[in-house]
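Working through the structure, step by step
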Amino acid sequence: MDKTAPPSDRPILRVEGMSVDLAVSSGQLHAVRDVDFAVKAGETFCIVGESGCGKTMTSLALMRLLPRNARLSATRMEFDGLDLSTLSERDMATLRGDRLGMIFQDPMTSLNPVYTIGDQMEEVYLRHRVATRKEARGRAAYLLQRVGIMSPELRLRQFPHQLSGGLRQRVMIAMTLMCEPRLIIADEPTTALDVTVQVQILQLLARLQQEFGMAIILITHNLGIVARMADRLAVMYAGKIIETGGAMEVFTHPQHPYTRGLLRCMPGYGGGGGDQRLGSIPGLVPSLIGKIEGCGFRNRCDFATADCASGDLGLRALGGGHSYRCRLEPGEAAKLGGEHALS
Ligand code: SF4
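Summary of the structure given here. Keep in mind that what you see is a predicted model, and the values were worked out from it rather than measured.

1. Quick notes on empty space enclosed by the protein
Over the atoms rolls a probe the size of a water molecule, and its path tells where empty space is left. In this structure the tally under the stated criterion is 1 cavity of 30 Å³ or more. In terms of lining residues, the largest cavity is bounded by 13 residues, among which Pro257, Cys295, Cys301, Cys308 and Cys326 are the most central.

Below, the structure is given as structure tokens:
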């Protein structure tokens, strides 16, 4: 949130009415339910929530990398002038790695263990650009340097297993930058790394974003990362966006009891400061199989009433792009207090 250059107001990605349904043995699992959001050029938009809230399925849907049993529907999925929902598989394959990049949680699963780093980075460039192998090699070495890897020529000759986890993630970032994407989707890019390396990778991403001007969608369960990186954010719960807005606004005036609960779990913010104990949100995310009647958070919410058990709550707009999905009036959760209220 401490970035100096403001992002552009022009959205590079607009998603409206996007849903992802998975056919499973016990029925239809509605992983993503009627989600709307937009990402502006050059900004960092964080999608945050617990495991199983739909954030990874959202990112896979954007890349059109959903599992075979998934069905994607949307009224709009527009990226850089293209309709992602109707592009052929061939056109999507051209887009991925070029204008649209993705950084996965564990680079060991996305780097091919039988090819050298250099072969894999060159391949990305040669697939999308008219260039010689020498030019591709030169760009790969340049980008390894840009992500802080010493002796890039040596690293280009090595295989993924010869690098540490932090180096592999730097390689993934460099590989994603080979064709200067307009948007990078980073799904929990630092979860597999130790804390010190996490900070280095996040600082690196922020610096490269300034330098290359790309937008980033950062998927994470870690609000500390959101606080460090986000311009705007969306909190997902049970497949829906339940609160969204500017990062500073949502952190200082969270409205939804779930957002407030997440913040209480964050050391040094809502909880864990001084003698305070870290908060927790008891209970589990509801089953995503079938329709969820009323508010999906009501079995875990301190403020649930009979009114929360039926109907389909829409997002309430507070102005400035901040909106939340709850029957409580603005500021009411803070006044009511209760176990999950911020102090
Ligand atoms: S709608 Fe009701 S159950 Fe859902 S978060 Fe608001 S108060 Fe809690």
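2. Here's the deal with the site of the ligand
Around the ligand lies a shell of 13 residues, among which Cys295, Cys301, Cys308, Leu313 and Cys326 are the nearest. Comparing atom positions with the cavity grids shows the ligand to sit within the largest cavity. The residue inventory of the shell around the ligand, partitioned by class, reads 10 nonpolar, 1 polar and 2 charged.

3. Some words on the pairing of strand β5 (residues 76-79)
The alternating pattern of β5 places Met77 and Phe79 on a buried face and Arg76 and Glu78 on a face that is not buried. Pairing of strand β1 (residues 11-24) with β5, which is carried by 4 bridges, proceeds in the antiparallel orientation. For Glu16, the partnering residue across the bridge sits in β5 and is Arg76. The antiparallel hairpin formed by β5 and strand β6 (residues 82-83) contains 2 residues in its connecting segment, where Asp80 sits at a positive phi of about 50°.

4. Focus: the pattern of salt bridges
Per the counting criterion, the structure on display carries 14 salt bridges. With its nearest N and O atoms 2.6 Å apart, the salt bridge here joins Glu43 to Arg232. Here Glu43, found in the loop between β2 (27-40) and β3 (44-48), pairs with Arg232, found in strand β10 (residues 232-237); they are 189 residues apart in sequence, far enough to count as distant. Across the pair Asp98 and Arg129 runs a salt bridge, and its minimum N-O distance is 3.1 Å.

5. Considering the layout of surface pockets
The computed volume of the largest pocket comes to approximately 530 Å³. Together, 21 residues line the largest pocket, and Gly97, Ser110, Val124, Arg127 and Met175 are the ones closest to its centre. Elements that contribute at least two residues to the lining of the largest pocket include exactly β7 (100-103), α4 (117-128) and α7 (165-176). The element that contributes the greatest number of residues to the lining of the largest pocket is α4, accounting for 5 residues. Classifying every residue of the lining of the largest pocket gives 10 nonpolar, 6 polar and 5 charged.

6. Thoughts on the packing of aromatic side chains
This model, assessed by the stated rule, comprises 4 aromatic pairs. Relative to Phe45, the ring of Phe37 has its centre 5.4 Å away and its plane inclined at 15°; by these criteria the two rings are stacked. Residue class for Phe45 comes out buried when judged on its relative accessible area of 0%. An angle of 85° between the planes, with centres 5.2 Å apart, marks the rings of Tyr237 and Phe297 as edge-to-face.

7. Remarks on α4
Spanning 12 residues, α4 covers 18 Å between terminal C-alpha atoms, matching the ideal 16 Å at 1.5 Å per step. Of the residues making up α4, those classed as buried are Ile117, Gly118, Gln120, Met121, Glu122, Val124, Tyr125 and His128.

8. Section: the side chain of Arg260
Here Arg260 lies in helix α11 (residues 257-264). One buried charged residue, Arg260, remains without a salt bridge, the closest side chain of opposite sign being Glu243 at 7.9 Å. One polar contact links the side chain of Arg260 to the main-chain carbonyl oxygen of Pro254, over a distance of 3.2 Å.

9. Overview of unusual backbone geometry
Although it is not a glycine, Asp34 sits at a positive phi angle of roughly 55°. With respect to the helices and strands, the residue Asp34 is situated in strand β2. The phi angle at Arg64 is positive, at roughly 55°, despite the residue not being glycine. Residue position: Arg64 is located in the loop between α1 (55-63) and β4 (70-73). Overall, Arg64 belongs to the buried group, its relative accessible area being 16%.

Calculation notes
Residues numbered from 1 in each chain as written. Predicted model: local features only at pLDDT ≥ 70, side-chain atom pairs only at ≥ 80, totals over all residues. Heavy atoms only, no water. 1 Å grid on protein atoms, 1.4 Å probe; cavity = no way out; pocket = protein on both sides within 12 Å on 5 of 7 lines; lining within 4 Å. Points joined across faces, edges and corners; volume = space filled by probe spheres on them. Near = heavy atom within 4 Å. Sits in = over half its atoms within 2 Å of the grid points. Nonpolar A, V, L, I, M, F, W, Y, C, P; charged D, E, K, R; others polar. Buried < 20%, exposed > 50% of the residue type's maximum accessible area, 1.4 Å probe, protein only. Helix = DSSP H or I, 4+ residues; strand = E, 2+ residues; numbered from the N terminus. Pairing = 2+ DSSP bridges. Salt bridge = Lys/Arg side-chain N within 4 Å of Asp/Glu carboxyl O. Phe/Tyr/Trp six-rings, centres within 6.5 Å; stacked < 30°, edge-to-face > 60°. Expected span 1.5 Å × (residues − 1). Lys, Arg positive; Asp, Glu negative; His and termini not counted. Polar contact = N/O pair within 3.5 Å; in protein donor to acceptor, adjacent residues only side chain to side chain.

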